[in-house]
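Each chain, written out:
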Amino acid sequence: MAPFMLNDEDDERNGSVERALIGAAAVAATAGLAYLVARTLGGGGGDKAPISDAPPSALRRGYKPSDALVSRTVTIARPARELYDFWRRFENLAGFMDNVKSVETLDDKRSRWTIAAPGGTEIQFVSRITEDQPGRVIAWESEEDAPVRNSGRVEFLDAAPGRGTMVRATVDYDPPFGTLGRGVAKLLQREPNVQARRDLRRFKQLMETGEITSSASPSGRRSEEPTRQYL
Amino acid sequence: MRALTWHGRHDVRVDTVPDPEIVNPRDAIIKVTSTAICGSDLHLYDGYIPTMRAGDILGHENMGEVVEVGSKSTLKVGQRVVIPFTISCGSCFHCSKQQYSACDNSNPATTSDMSETLYGYPMGGAFGYAHLTGGYAGGQAEYLRVPYSDVGPVVIPDGLEDDQVLFLSDILPTGWMGAVNAEIEQGDTVAVWGCGPVGLFAIQSAFQLGAHRVIAIDHYPRRLQLAKQMGAEILDFREVDVRDALFEMTGGIGPDACIECVGMETHGLGIDNLADHAKVWLKLGTDRPAAFRQAILSCRKGGRVSVPGVYGGMMDKFPIGAFMEKGLTMKTGQTHVQKYTRQLLEMIQEGKLDTTWFISHHASLEDGPDMYRHWHDEQDSYTKIVLKPGLAKGEVKAKQEKQHEPA
Ligand SMILES: NC(=O)c1ccc[n+]([C@@H]2O[C@H](COP(=O)([O-])OP(=O)(O)OC[C@H]3O[C@@H](n4cnc5c(N)ncnc54)[C@H](O)[C@@H]3O)[C@@H](O)[C@H]2O)c1
Ligand SMILES: [Zn+2]
Ligand SMILES: [Zn+2]
C-alpha cells in the first residue's frame, strides 16, 4: 500500500497519485505553487508607497506591486536549514505540489519542470535559479521560451525562538498568450492563491508529521474508493 | 462492512460500505466494539451542518480492538483502544501546547479551506463530523481508520469494561474541560446549563475540582434526576425564572462560575457562499443561544463562564455590557481530548468518576436509525445510547437505571 495519498481532485492524475514521499525520490516536479507565471517580484503595479510592514502580497490594490503576485506564509516547527534542504532538492516538490508531475535537475542552476495541465495534458519548461542562499532563500525564473513565464522565491525566516521557521513562498506570473486569467487557469486548474495555500499546507504536514494528511475513508457513496481523498 | 450513513435531515441508514484501509504510515484500523451517539450528532441529524455529504459515516465516540497497523503506528494488533474524537498530529505548534483540537495538520489541505474562510484559521480534524473538520469517516461502523494513531488512542488496561472507558473519547473530557475552564475555587457555587451527558460529566467534574455546590438547569425530569444523583441542586426552567432562582440560592452573589452545556443547534457552518450563509444563520441564531446569554447574565461579578456547548456561526444580542461591566472571563473550545485522557483514565480506575450510570440503552448497529430517532424525540428517557456492532438486530437493551454511589 502506498504510504501517502495526495489530495487530488483530478481524475487523470489520481491513478498515479500514490507516491512515496518521504526521503526518497519521487520524480522531480514543478511547483504548483511555482507554477504561477512570472515577472520579477516587486515589478509593476502599484503607484502608492505603503508604510505597512506587511509582505507585498498582503497589500491592497494600488499598493500591491503586481496583481499577478501570489504569496503565502506558513510556520513550520522545523529548522530553516532542514526545510531549505528539502525544498532545494526540487525533485521533492512533486510530493506536495498538486499539479507538479516531476522536476528533473539538469545542472546546478537549471531544472526541467513537468506540470499537469487540464485534460490530461502536460506542460514543460526549464527553470533557472536566480538566487540561492543556503538555509535562507531560493529564487527561480523560467527560461525565455516557457509557455507561461513565471518567477518565484521561497524564503525561510526564523520564527520566534522555539517556534521553527516561517516559510514564505511568492510567485509572480506572466500571462502566456492573451489574458492573464486564462493562462493562469490553464496552468493551475485552480485559483492561484488556493493552490499556494494547499501546497504549503501539504509541505507543513510532510515536514512536521512525516506524512501528508488524508481523510480517505469509506462512505456510502458507491463511486468512491476508501483510499482516495475526494474533497 | 456495515455502517451508519447520513443521507439528509432525519435520514440515517445502515449501509454496506467498503472496509477502511491503511492509507498513511501512522494509521491504524480498529474493529469497533462500542460507539456512542452524541448530542453533537443531533446537530448533524437535524441537518444543521451543511458540510455533510450524503453517504458520510457517522460516529465520533469510538473504541475497539486494533486489527491492522501502519509502519509508523505505535499500536499493536489486539490492543483495546479508545479513540479521541479529535484527530491530532502531536507535532505542530498547537499540539505541543496541548491544544489538540486546534491541530494545524490533521485537517487535510483541501478541506481546511472551509474553516479557514469561516473562522480565519483551519480547524483540526475530527471523526464523523462533516467536511469542515476533514471529512473523516466516523466509527458507527464495524471498522474505523484511525490516522495519527501514535498520538490519540488510549490503550485500555485489562479489567475495564467498554462502558467504563468509552466516554474518554469525548463527553468525559468535554465535561472535565468545561469544569477546568470554570477555574473552580474552594467554596464556589457552579451553575451548569444542560443535563445531557456533557452537563452530567461537568457536574461530576466540578465536584471533583472542589465546587461547594452545583446547581443544574434543564427541563427534562429524568435528566434533572440524574443530576441530583450526582449531588447537584436542580432547576427546571419551566418552573422557575432561572436568574431569579440563582440570585436567591446564592444569597444575592450569583454563581462563581457558569458552565454552558447546551450549545446552539443553528450552526453557521456554510461550505458554499459562506458570507451569505453567515447572514442567514445570524438570523436563525438570534433566538437559540438563550442559555448562553442567561449564563452571562447570571454569573457573579468577576466570575467565569465556560462554554463546552457547540456554536458555529455568528450571534447577535451578545450581552457585551454585562460581560464587560462585571469583568467576566470566558473560555470555550472543542475539547483537547488527548490532554486529559491519561488523568481521567486513572480517575476511572481509582473509582473517582462514575462513567456508566446514565447510559440508558445498548443497541446493535442495525438498530442505529431507530436509535437516532429515539435520541432525537425522547431525550428524557434516552439519556445515552451505546451502539455495539457485535449485537444482533433487535437486541436492544434498556439498562436498569443504576443508583449512583458516590465515590
Ligand atoms: N466542546 C466540545 O468539544 C463538545 C464535545 C461534545 C459535545 N459538545 C456539545 O455540548 C452540548 C451538549 O452535549 P450533550 O451530548 O450533553 O447534548 P444533549 O442534547 O444530550 O443535552 C443538551 C441538554 O441541554 C438542555 N437544554 C436545552 N435548552 C436549555 C436551556 N435553555 N437551559 C438549560 N438546559 C437546556 C436539553 O434539554 C438537553 O438535556 C452540545 O452542543 C454538544 O454539541 C461539545
Ligand atoms: Zn460527542
Ligand atoms: Zn497537531
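Details of the structure are given in the entry above.
Cut-offs and rules
Residues numbered from 1 in each chain as written. Chains lettered and ligands numbered in written order. Predicted model: local features only at pLDDT ≥ 70, side-chain atom pairs only at ≥ 80, totals over all residues. Heavy atoms only, no water. Helix = DSSP H or I, 4+ residues; strand = E, 2+ residues; numbered from the N terminus. Buried < 20%, exposed > 50% of the residue type's maximum accessible area, 1.4 Å probe, protein only. Contact = heavy atoms within 4.5 Å. Areas by Shrake-Rupley, 256 points an atom, 1.4 Å probe, with all protein chains shown as cover. Pairing = 2+ DSSP bridges. Near = heavy atom within 4 Å. Polar contact = N/O pair within 3.5 Å; in protein donor to acceptor, adjacent residues only side chain to side chain. Nonpolar A, V, L, I, M, F, W, Y, C, P; charged D, E, K, R; others polar. Domains from an automatic or database assignment. Buried area = accessible area lost by both parts, 1.4 Å probe. Salt bridge = Lys/Arg side-chain N within 4 Å of Asp/Glu carboxyl O. 1 Å grid on protein atoms, 1.4 Å probe; cavity = no way out; pocket = protein on both sides within 12 Å on 5 of 7 lines; lining within 4 Å. Points joined across faces, edges and corners; volume = space filled by probe spheres on them.

Undergrad: Report on the overall build of chain A, specifying residues and quantitative values.
TA: Counting its secondary structure elements, chain A contains four helices and seven strands. Starting at the N terminus and ending at the C terminus, chain A contains elements arranged as α-β-α-β-β-β-β-β-β-α-α. Relative to its 231 residues, chain A shows a buried fraction of 55%. Taking all contacts inside chain A whose residues are at least 6 apart in sequence as the whole, residues at least 24 apart take part in 56%. Roughly 9,900 Å² of accessible area belongs to chain A as shown, and the carbon and sulfur atoms make up 49% of that amount.

Undergrad: Could you give an account of the pairing of strand β6 (residues 80-83) of chain B, naming the residues involved and the relevant values?
TA: Working note: regular strand, side chains alternate between the two faces of the sheet. Residues and elements named next belong to chain B. Of the pairings in the sheet, the one linking strand β5 (residues 61-69) to β6 comprises four bridges and is antiparallel in character. By the bridge assignment, Gly-64 is partnered in β6 with Val-81. Relative to strand β10 (residues 154-155), β6 is paired through two bridges, and the arrangement is antiparallel. Pairing of Val-82 across the sheet is with Val-154, part of β10.

Undergrad: Break down the site of ligand 1 for me, citing the residues and quoting the values.
TA: Residue and element names in this part refer to chain B. Of all residues adjacent to ligand 1, which total 29 residues, the nearest are Ser-40, Asp-218, Arg-223, Pro-308 and Thr-335. Note that an oxygen atom of ligand 1 is positioned 3.1 Å from one of the backbone N or O atoms of Val-198. Residue Gln-379 places a side-chain N or O atom 3.4 Å away from an oxygen atom belonging to ligand 1. Secondary structure elements with two or more residues in the shell around ligand 1: α1 (39-45), α6 (197-208) and β12 (213-218). Here the shell around ligand 1 is built from residues that sort into 13 nonpolar, 13 polar and three charged. Split by domain, the residues of the shell around ligand 1 number at least three in each of domain 1 (2-170 + 336-398) and domain 2 (175-332).

Undergrad: Can you lay out the interface of chain B and chain A for me, pointing to particular residues and giving the numbers?
TA: Counting residues at the interface gives 45 residues for chain B and 38 residues for chain A. When the two sides are added together, the surface that chain B and chain A hide from each other amounts to roughly 3,300 Å², 48% of it contributed by carbon and sulfur. On the surface where chain B and chain A come into contact, there are nine salt bridges. A salt bridge links Glu224(A) to Arg53(B), with the nearest nitrogen and oxygen atoms 3.0 Å apart. Per-element tally for the side of chain B that touches chain A: the top contributor is helix α3 (residues 112-119) of chain B, with four residues. Here the residues of the side of chain B that touches chain A sort into 19 nonpolar, 14 polar and 12 charged.

Undergrad: Residues and numbers for empty space enclosed by the protein, please.
TA: Using the criterion set out here, one finds six cavities of 30 Å³ or more in the structure. Here the largest cavity defines a volume of roughly 140 Å³. Along its surface, the largest cavity is lined by 20 residues, and Ser215(A), Ser217(A), Arg221(A), His131(B) and Gly135(B) are the ones closest to its centre. Per-class residue counts for the lining of the largest cavity are seven nonpolar, eight polar and five charged. Considered as a void within the structure, the second largest cavity measures approximately 60 Å³ in volume.

Fair warning: the whole summary comes from geometry, so function is off the table for now.
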